[in-house]
Amino acid sequence: MEEKLDRRTKKSRKAIQSTFLTLLLHDGFDSITVKTLTEKADISRKTFYLHFTDKNDLLDTIVQEQIRELKSTCAESKASDFIESTIIWFHYFEQKKDFFYALFKSESTVSFRKQLLNCLMEQIGGEIPTVDITQDRDLTIRFLSTAVLGIVESFVMDEINSDCEHIARQVGKLLEENLSSISNH
C-alpha cells in the first residue's frame, strides 16, 4: 500500500510542478494563484497544500531542483578552466531560457535570485585562492558573482545581442583576469 501511495504522491507532485511551469511560462509568476493552478492540474487545493505551503514554496522547490541540476552538470563536466565552466553555465541557461526568463521577468522572485547568487558564489568561491590581507575574499566573491548573475539575466532576457558561446567565453575571460589579478597581489 505504501508503494502505491508513494507513486500517487509522485504523480501529484509532478502534475503540480508541470502545471506550474506551464502557467509560469504562459502567464508569469505574479499571475499564478493556487486556485488556478489546482484547477488546471485537476487536483484539489487540499492535495496542493499537502505538498507545498504556497506558490513561493513550490517555486523554491523547483528552483532548488534546477540549481542541483546545474551543479551536477558542472561537476560532471570536468571543465579545465573558467572559460569552459562558463560555457557550460551559459549553455544550461540557454537550454532553459524560457523558464529563467519567466523568473527574471517577475518582480516576486527574489528567492530565486538569491538562490542563484548563492550558487554562483559557491562555484566562484571554490576557485578563488586565499587572498592577501588587503583583499576581502567574501566581498570579492560576491562582487564577481553579482556581475555574472547580471550578465546571465541580460542574456536570458535577450538584452545582449550575441550568441551563447561568445558571451560565455567573454565572461570566463573576465573571471580569469579578475582572479589572476587577485592572486598576483
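Placed above this text is the structure.
To start, this report covers the structure provided alongside it. (Residues numbered from 1 in each chain as written. Predicted model: local features only at pLDDT ≥ 70, side-chain atom pairs only at ≥ 80, totals over all residues. Heavy atoms only, no water.)

### As for the side chain of serine 145
Looking at where serine 145 falls in the secondary structure, it is placed in helix H8 (residues 137–156). On the accessibility criterion, serine 145 (0% relative accessible area) is buried. Excluding anything up to four places from it in sequence, serine 145 contacts Leu117, Leu120, Met121 and Ile124. (Helix = DSSP H or I, 4+ residues; strand = E, 2+ residues; numbered from the N terminus. Buried < 20%, exposed > 50% of the residue type's maximum accessible area, 1.4 Å probe, protein only. Contact = heavy atoms within 4.5 Å.)

### Notes on unusual backbone geometry
Trans is the common state for peptide bonds, and a negative phi is the common state for residues other than glycine. With phi around 60°, aspartate 42 is a residue other than glycine that occupies positive phi space. Following the sequence through the fold, aspartate 42 ends up in the loop between helix H2 (34–41) and helix H3 (45–51).

### Quick look at the pattern of salt bridges
Within the structure shown, the criterion is met by 7 salt bridges. For lysine 96, the salt bridge goes to glutamate 69, with nearest N and O atoms at 3.2 Å. Here the residue lysine 96 occupies a position in the loop between helix H5 (82–95) and helix H6 (97–105), and glutamate 69 occupies one in helix H4 (residues 55–77), the gap between them amounting to 27 residues. Here glutamate 122 ties to lysine 71 by a salt bridge, and the two come within 3.0 Å at their closest N and O atoms. You can see glutamate 122 sitting in helix H7 (residues 110–125) and its partner lysine 71 sitting in helix H4, a full 51 residues away along the chain. Residue glutamate 122 is classed as partly exposed on the basis of its relative accessible area of 48%. Accessibility expressed as a relative area gives 27% for lysine 71, which makes it partly exposed. (Salt bridge = Lys/Arg side-chain N within 4 Å of Asp/Glu carboxyl O.)

### Here's the deal with the nonpolar core
Counting 53 residues, the largest nonpolar core has Phe20 and Phe104 as the members making the most contacts within it. Every element with two or more residues in this core is listed here: helix H1 (2–27), H2, H4, H5, H6, H7, H8 and helix H9 (164–183). (Core = buried A, V, L, I, M, F, W, Y, C linked by side-chain atoms within 4.5 Å.)

### Re H7
An α-helical turn contains 3.6 residues, so a residue and the one three or four places further along point in the same direction. End to end, H7 covers 22 Å across 16 residues, agreeing with the expected 22 Å (1.5 Å per residue, within 8%). Taken together, the buried positions of H7 are occupied by Phe112, Gln115, Leu116, Leu117, Cys119, Leu120, Met121, Ile124 and Gly125. (Expected span 1.5 Å × (residues − 1).)

### A look at H8
Across its 20 residues, H8 extends 28 Å between first and last C-alpha, which sits within 8% of the 28 Å expected from 1.5 Å per residue. All buried positions along H8 are accounted for by Thr140, Ile141, Leu144, Ser145, Val148, Leu149, Val152, Ser154, Phe155 and Val156. A positive backbone phi angle near 60° is found at aspartate 158, which sits one or two residues after H8.

### Comments concerning the packing of aromatic side chains
Describing an aromatic ring pair means giving the distance of the ring centres and the angle of the ring planes. Taken as a whole and assessed by the stated rule, the structure comprises 11 aromatic pairs. Ring centres of phenylalanine 20 and phenylalanine 29 lie 6.2 Å apart, and the angle between their planes is 80°; on these two criteria the pair is classed as edge-to-face. Phenylalanine 29 shares its class with phenylalanine 20; the two are buried. Here the aromatic rings of phenylalanine 104 and phenylalanine 112 are separated by 5.1 Å at their centres, their planes lie at 70°, and the arrangement is edge-to-face. Ring pairs connect the aromatic residues Trp89, Tyr92, Phe93, Phe99, Phe100, Phe104 and Phe112, which therefore count as one cluster. Sitting over the ring of phenylalanine 155, lysine 97 keeps its end group 4.5 Å from the ring centre. (Phe/Tyr/Trp six-rings, centres within 6.5 Å; stacked < 30°, edge-to-face > 60°. Lys NZ or Arg CZ within 6 Å of the ring centre and 35° of its normal.)

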